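Architecture and fold: a report
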Amino acid sequence: MLLINNLNSFNPAFAESKFTFNFRQYFFNNIEHLQNQGGENTLIFYWQNIDNQTIEARLSVIVQNKIACSPLRATFGGIEFSEDITEENLFQFLQESVLKIGLKTIKINSYPEGYLRGFQIQKLENCLFKLGFGISITEQNYEIPITEKSFYETINSIRARQLLRKSIKKEFSFQEIINPNFTEIHAFITHSRERKNRPMTMNLEQFENHFRLFPKNFQVFSVTEFQQTIAVAVTIKINSQIVYTFYLADNEFHLKYSPTVFLLSGIYDYFKSQNYTILDLGIATNKGILNEGLARFKRSLGANSSLKKTYLKIV
């Protein structure tokens with residue numbers, strides 16, 4: 001059964017806390033984050049199993065300039081669904097949702113396929129293609145499985161292992177920054193990205209605001225030498241199993257040690273202790289064009305590649 005929540009008109013019956021979800025939801029599709037993305041109107045579609053009343057699928061879209069986007073301003077949106085939902089029911093859910101959206105253009109920037117099992121990917125694409133969606137952009141994403149192995153054991157590059165040993169020998173210090181100085185952290189990340197010709201995606205106000213709004217999801221980690229910051233990471237908890245490295249930055253004067261390897265080692269251990277299963281390093285492409293150096297670095301750390309697709313339907 002299809003349920004629709006219009007965030008522009010308050011309806012207490014749609015408090016998600018009242019629902020039982022038969023899948024792990026992704027942070028960027030939660031109501032609190034959707035409300036922070038802007039847009040003219042926000043619609044959330046749910047598919048409820050009428051037998052047990054659980055929610056088996058969810059799709060959120062934000063309408064802007066007569067285009068329905070999932071998401072409007074976030075790393076990804078996409079269709080969340082249970083492993084148990086049948087392809088027939090998933091298709092019916094999406095078909096009814098598309099009809100209710102009622103717009104000619106629908107753009108779905110999906111999550112990495114590494115988040116799903118193989119049969120789920122096939123099931124989802126079968127439904128989208130039958131509904132007339134095509135693939136407009138395919139990015140290459142990289143994820144490190146968090147297992148019983150140590151981070152050192154996951155690394156498959158001799159050079160990366162050497163760099164990690166050097167960092168340990170130098171007695172670099174890894175820590176979570178509990179009360180970050182946002183001005184300093186933002187400036188450090190901005191400088192690092194500018195050095196690599198990568199624009200900063202958030203200004204200082206937006207950066208600080210995300211930590212204030214979502215303190216349970218955003219964290220900052222750093223590596224220091226003699227109290228000097230030489231590498232920084234901002235991570236986002238996607239759900240209870242997946243953590244995403246939103247920003248990764250380093251100091252150009254310590255590149256010969258590649259302190260980001262030591263930083264990622266600390267992050268891996270931190271989330272391993274909390275039973276996370278995926279460390280998402282993000283994409284190594286820009287609008288489908290591969291950055292071979294970045295991809296090689298992520299592969300050297302033992303990351304698996306998966307596709308991150310944008311689906312587009314134009315009537």
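Preceding this section is the structure that the text describes.
This write-up is about the structure you can find in this document. Every chain is numbered on its own, with residues counted from 1 as its sequence reads. The predicted nature of this model means local features are confined to residues of pLDDT at least 70 and side-chain atom pairs, given and counted, to a pLDDT of 80 or more, with totals for whole chains, interfaces and linings taken over all residues. With hydrogens and water stripped out, all remaining heavy atoms of the structure feed into the side-chain values.

1. Quick look at the nonpolar core
In these notes, a set of buried Ala, Val, Leu, Ile, Met, Phe, Trp, Tyr and Cys residues joined through side-chain atoms within 4.5 Å is what counts as a nonpolar core. Exposure is judged per residue with a 1.4 Å probe applied to protein chains only, and the accessible area is read against the type maximum: over 50% gives exposed, under 20% gives buried, and values in between give partly exposed. Ranked by internal contacts, the top residues of the largest apolar core, which has 53 residues, are Ile79, Phe93 and Leu94. Runs of E in the DSSP output that reach at least two residues are strands. Runs of H or I that reach at least four are helices, and both are numbered from the N terminus. In terms of residue count, helix α2 (residues 87-101) provides more of this core than any other element does, six residues in total. Grouped together as the second largest cluster of nonpolar side chains are 29 residues, Tyr142, Phe271, Ala284 and Leu301 included.

2. Overview of helix α7 (residues 204-213)
Those residues of α7 that fall on the buried side of the exposure criterion are Phe207, His210 and Phe211. Along the axis of α7, the buried residues cluster in a sector spanning 95°; they form a single face. Seen from the open side of α7, the exposed residues pointing more than 90 degrees away from its buried face are Glu205 and Arg212. Where α7 begins, the capping side chain belongs to Asn203, and its oxygen is found 3.1 Å from the backbone nitrogen of Glu205. Directions are taken from the helix axis to each C-beta atom, and the arc is the one they span. Pairs of N or O atoms are called polar contacts if they sit within 3.5 Å, as long as, within protein, a hydrogen donor faces a hydrogen acceptor (for residues adjacent in sequence, only side-chain-to-side-chain pairs).

3. Quick look at the packing of helix α5 (residues 158-169) against helix α8 (residues 259-272)
Two measures define how a pair of helices packs: the angle their axes make with one another and the distance between the axes. Axes, fitted as lines to C-alpha atoms, cover a helix only where it is in contact. Angles between the N-to-C directions of the axes lie from 0 to 180 degrees. Packing of α5 against α8 leaves a shortest axis separation of 8 Å and a crossing angle of 80°. Judged on the interaxial angle alone, α8 and α5 are roughly perpendicular. Where α5 approaches α8, its residues Ala160, Leu164, Ser167 and Ile168 are matched on the opposing element by Val261, Phe262 and Ser265. Looking at the contact of α5 with α8 residue by residue, the classes come out as five nonpolar, two polar and no charged. With respect to orientation, any angle under 35 degrees is reported as roughly parallel, any angle over 145 as roughly antiparallel, any angle of 65 to 115 as roughly perpendicular, and every other angle as oblique. By definition in these notes, contact holds between two residues if any of their heavy atoms fall within 4.5 Å. Residues are grouped as follows: nonpolar covers Ala, Val, Leu, Ile, Met, Phe, Trp, Tyr, Cys and Pro; charged covers Asp, Glu, Lys and Arg; every other residue, Gly included, is treated as polar.

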